[in-house]
Amino acid sequence: MSEEVRLVAWVRGRVQGVGFRWFTRAKALEIGGLSGFALNLGDGRVQVVAEGSRERCEGLLGWLQAGDTPGRVDGVTEIWDTPRGGYDGFAVR
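Numbering of residues starts from 1 in every chain and runs along the sequence as written. Since the coordinates come from a predicted model, pLDDT governs what is reported: local features require at least 70, and pairs of side-chain atoms require 80 or more to be given and counted, while whole-chain, interface and lining totals use all residues. Heavy atoms throughout the structure, all of them, feed into the side-chain values; hydrogens and water do not.

Focus on the UniProt feature "domain: Acylphosphatase-like" (unreviewed entry) in the protein
Then, in step 1: UniProt positions are given in the numbering used here, feature names are shortened, and annotations may be inferred rather than shown by experiment. The sites that UniProt annotates as "domain: Acylphosphatase-like" (unreviewed entry) are residues 6-93.
Then, in step 2: The span residues 6-93 shows a helical share of 28% and a strand share of 41%, and its end C-alpha atoms are spaced 18 Å apart. Helix numbering and strand numbering both begin at the N terminus, where a helix is a DSSP run of H or I of at least 4 residues and a strand a DSSP run of E of at least 2.

Now the structure itself:
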């Protein structure tokens, strides 16, 4: 049985105004089994919160880090935690 986790990632680079949040949502839906959101922050980063199996969250994180995203990712900082729930699907905020 796969461990359920919460991934919080902060993506820095040119990630606002390029459709980054929408592509992140699409990737989360493609992976499946993830809930959470992608949110623009005032400092130019995008925060991504995803809950689901560790394997699926690692898949999303790998995509964020791989550079196959809109714009330009200069780096990703992540923390892992226990799921909190309360999300209905994967949203763009």
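Right, picking up where we left off after that structure.
What about the UniProt feature "active site" (unreviewed entry) in the protein?
Then, in step 1: Here the UniProt feature "active site" (unreviewed entry) sits at Arg-21 and Asn-40. The named residues occupy 20 residues along the chain; their greatest pairwise C-alpha distance, 7.7 Å, places them in one compact cluster.
Then, in step 2: Checked against the element boundaries, Arg-21 lands in helix H1 (residues 20-31).
Then, in step 3: A contact between two residues is defined here by any heavy atoms of the two lying within 4.5 Å. For Arg-21, the contacting residues outside a window of four places in its chain are Ala-38, Leu-39, Asn-40, Val-46, Val-92 and Arg-93.
Then, in step 4: If you trace the backbone, Asn-40 turns up in strand E2 (residues 35-40).
Then, in step 5: Between buried and exposed lies partly exposed: a residue is buried under 20% and exposed over 50% of the maximum accessible area for its type, with that area taken using a 1.4 Å probe on protein chains only. Residue classification places Asn-40 among the partly exposed residues on the basis of a relative accessible area of 28%.
Then, in step 6: Setting aside anything within four residues of it in sequence, one finds Asn-40 in contact with Val-15, Gln-16, Arg-21, Arg-45, Val-46 and Arg-93.

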